[in-house]
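Below are the chains, spelled out letter by letter.
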Amino acid sequence: MNASEFRRRGKEMVDYVADYLEGIEGRQVFPDVDPGYLRPLIPTTAPQEPETFEAIIEDVEKIIMPGAASPACTELETVMMDWLGKMLQLPEAFLAGEAGEGGGVIQGTASEATLVALLAARTKVTRRLQAASPELTQAAIMEKLVAYASDQAHSSVEKAGLIGGVRLKAIPSDGKFAMRASALQEALERDKAAGLIPFFVVATLGTTSCCSFDNLLEVGPICHEEDLWLHVDAAYAGSAFICPEFRHLLNGVEFADSFNFNPHKWLLVNFDCSAMWVKKRTDLTGAFRLDPVYLRHSHQDSGLITDYRHWQLPLGRRFRSLKMWFVFRMYGVKGLQAYIRKHVQLSHAFEALVRQDTRFEICAEVILGLVCFRLKGSNKLNEALLESINSAKKIHLVPCSLRDRFVLRFAICSRTVELAHVQLAWEHIQEMAATVLRAQGEEKAEIKN
């Protein structure tokens, strides 16, 4: 949708809302539809080809509005999470389907999803241990619980440990910045020997610093054998898994208890929309279920509906699945795949430009849309380069630290980015590098003199 069409459609939506408000007294306060009404009205998978805006708006009135207050918000979310799960080729156990034990829920962020998973895992292990040893108090168990993640994991994982009141241990990553089985196993054995209780592991697919991938095919079986909750965090990279050529990066997810990524990062869905799946939804509802009188309803124990308030931290929630429905239908799976592929191609184009300049080096394997690079030289030199680039305000780069080396990160993330933008950005970086190197040379000359 270009700017002209966006302007036109925006005005149409304002008219739609205004018409709704004008006629609101003629609408029922409570819908006539029964729980489960929506799924039969919607295809079981996302369309491969784009659909028209007119067709989607027509379905809003015909399918969504009859159950707008409830249960459309809930039921569309369940179906959209199944659509997206099928796009990713997630194992059947993660899908709600007609009567599955798993299912998906839209969280606010990946940070929230990690915390929800950790709290659910904490509840599950505590109840299991107390069932086996009733004399154990919750406090006695809590002080021994240990969670694990790679030393490349996002800071939100550490924050989840702080909020959850459990210690988190960083597993040293290998030469490709990935968590491997041997390092995890060593930590588990050491902690069990010390009388601690390992219970939770976060595997990251596409780390924030350099887009590295923990070895899920190695880590997964260990978690399964040790009865540890495995949460897979693919906040950024997960969108790419809808492309068959990148799906192998998700291999091993069958060992996970929960999996999360952010469609609002790289799948054209506006913030916030963080997709989380669990194999057993009772693991979440068992940890978060509370039923005060003012939240009870007639279908509560019917088994016909999903109460997402038991799957998350907040009580209230927005109708976020509606924007997923619009995006998936307007782009189609093929359109979304093309979008991902274009960004990956542009990142490799930038990588090629960097490699042609002998002053620079690539610092991590370029797999998706992120390129980690730096000037050959000291951290101080690269800090000066970053300061120069960001101060000029033509482009913006965010750094990271890889094995104590200060590294610059070039991320392809704009919906409208083209090769010309990448080339202009590289020319600007080269200009800033020349200025910084010249200043360094002059500084050395002054010191020498």
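Caption draft 1: Structural context of the overall build of the chain. Counting secondary structure elements, the chain contains 13 helices and 11 strands. Its C-alpha atoms give the chain a radius of gyration of 25 Å, near enough to 22 Å, the size a compact globule of 449 residues would have. Principal-axis analysis of the C-alpha atoms places the extent of the chain at approximately 85 × 65 × 35 Å. The proportion of buried residues among the 449 residues of the chain is 49%. Here the analysis covers contacts within the chain between residues at least 6 apart in sequence; of these, 72% occur between residues at least 24 apart. Looking at the chain, you have 50 positive and 56 negative side-chain charges, and the mean spots of the two groups are 4 Å apart.

Caption draft 2: Spotlight on helix α6 (residues 155-164). Considered for burial, the residues of α6 that qualify are Ser156, Val157, Ala160, Gly161 and Gly164. For α6, the buried positions fall inside an angular range of 150 degrees around the axis, keeping them on one side. Among the exposed residues of α6, those oriented more than 90 degrees off its buried face are Ser155, Lys159, Leu162 and Ile163. In the core, the buried residues of α6 are packed alongside α4 (110-132), α5 (138-142), β2 (145-150), β3 (167-171) and β4 (197-204). Of the residues flanking the end of α6, it is Gly165, one or two places downstream, whose phi is positive at about 70 degrees.

Caption draft 3: The arrangement of the packing of aromatic side chains in detail. In the structure shown here, the tally under the stated rule is 12 aromatic pairs. Judged by centre distance (5.6 Å) and plane angle (90 degrees), the rings of Phe350 and Trp426 are edge-to-face. Of this pair, Phe350 sits in helix α11 (residues 321-356) while Trp426 sits in helix α13 (residues 419-448), placing them 76 residues apart in sequence. Here the two residues Phe350 and Trp426 agree in accessibility, since each one is buried. Three or more aromatic residues joined by ring pairs make a cluster, and in this case those are Phe350, Phe360, Phe373, Phe410 and Trp426.

Caption draft 4: Geometry of the environment of Asp32. Turning to its location among the elements, Asp32 is positioned in the loop between α1 (3-22) and α2 (53-64). In this structure, the C-alpha to C-alpha distance between Asp32 and Trp229, residues 197 residues apart in sequence, is 41 Å.

Caption draft 5: Quick look at unusual backbone geometry. Geometrically, the link from Phe271 to Asp272 is a cis peptide bond, its omega value of 0 degrees lying close to zero. In this fold, Asp272 is placed in the loop between α9 (263-266) and β7 (274-278). One non-glycine residue, Arg403, lies in the positive phi region at around 50 degrees. Mapped onto the elements of the fold, Arg403 is located in the loop between β10 (398-402) and β11 (405-411).

Caption draft 6: Examining the sheet that holds strand β8 (residues 360-362) more closely. Taken together, 4 strands build an open sheet; the order of strands is β8-β9-β11-β10 and the sheet is antiparallel. The open sheet terminates on both sides in strands that have one partner only, identified here as β8 and β10. Neighbour-to-neighbour, the strand axes of the sheet open up by a mean angle of 40 degrees, direction not taken into account. Pairing between strand β9 (residues 370-375) and β11: 4 bridges, direction antiparallel. The partner of Val371 across the bridge, within β11, is Phe410. Contacting β8, β9 and β11, α11 crosses the sheet at an angle of about 15 degrees to β9. Along the sheet, helix α12 (residues 379-392) makes contact with β8, β9, β10 and β11, crossing β11 at roughly 35 degrees.

Caption draft 7: Structural detail: the sheet that holds β7. One open sheet accounts for 7 strands, arranged β1-β7-β6-β5-β4-β2-β3; its pairing is mixed. Looking at strand neighbours, the two that pair on one side only are β1 (103-107) and β3, the edges of this open sheet. Adjacent strand axes in the sheet meet at a mean angle of 20 degrees, parallel and antiparallel pairs treated alike. Both β1 and β7 contribute to a ladder of 5 bridges, which runs antiparallel. Within the sheet, the bridge partner assigned to Gly104 lies in β7 and is Trp277. Across the face of the sheet, α4 comes into contact with β1, β2, β4, β5 (229-233), β6 (258-261) and β7 while running at roughly 155 degrees to β4.

Reading the values: rules and limits
Residues numbered from 1 in each chain as written. Predicted model: local features only at pLDDT ≥ 70, side-chain atom pairs only at ≥ 80, totals over all residues. Heavy atoms only, no water. Helix = DSSP H or I, 4+ residues; strand = E, 2+ residues; numbered from the N terminus. Rg over C-alpha atoms; globule rule 2.2 N^0.38 Å. Buried < 20%, exposed > 50% of the residue type's maximum accessible area, 1.4 Å probe, protein only. Contact = heavy atoms within 4.5 Å. Lys, Arg positive; Asp, Glu negative; His and termini not counted. Charge placed at Lys NZ, Arg CZ, Asp CG, Glu CD. Arc of directions from axis to C-beta. Phe/Tyr/Trp six-rings, centres within 6.5 Å; stacked < 30°, edge-to-face > 60°. Pairing = 2+ DSSP bridges. Axes fitted to C-alpha atoms, helices over the stretch in contact; angles between N-to-C directions.

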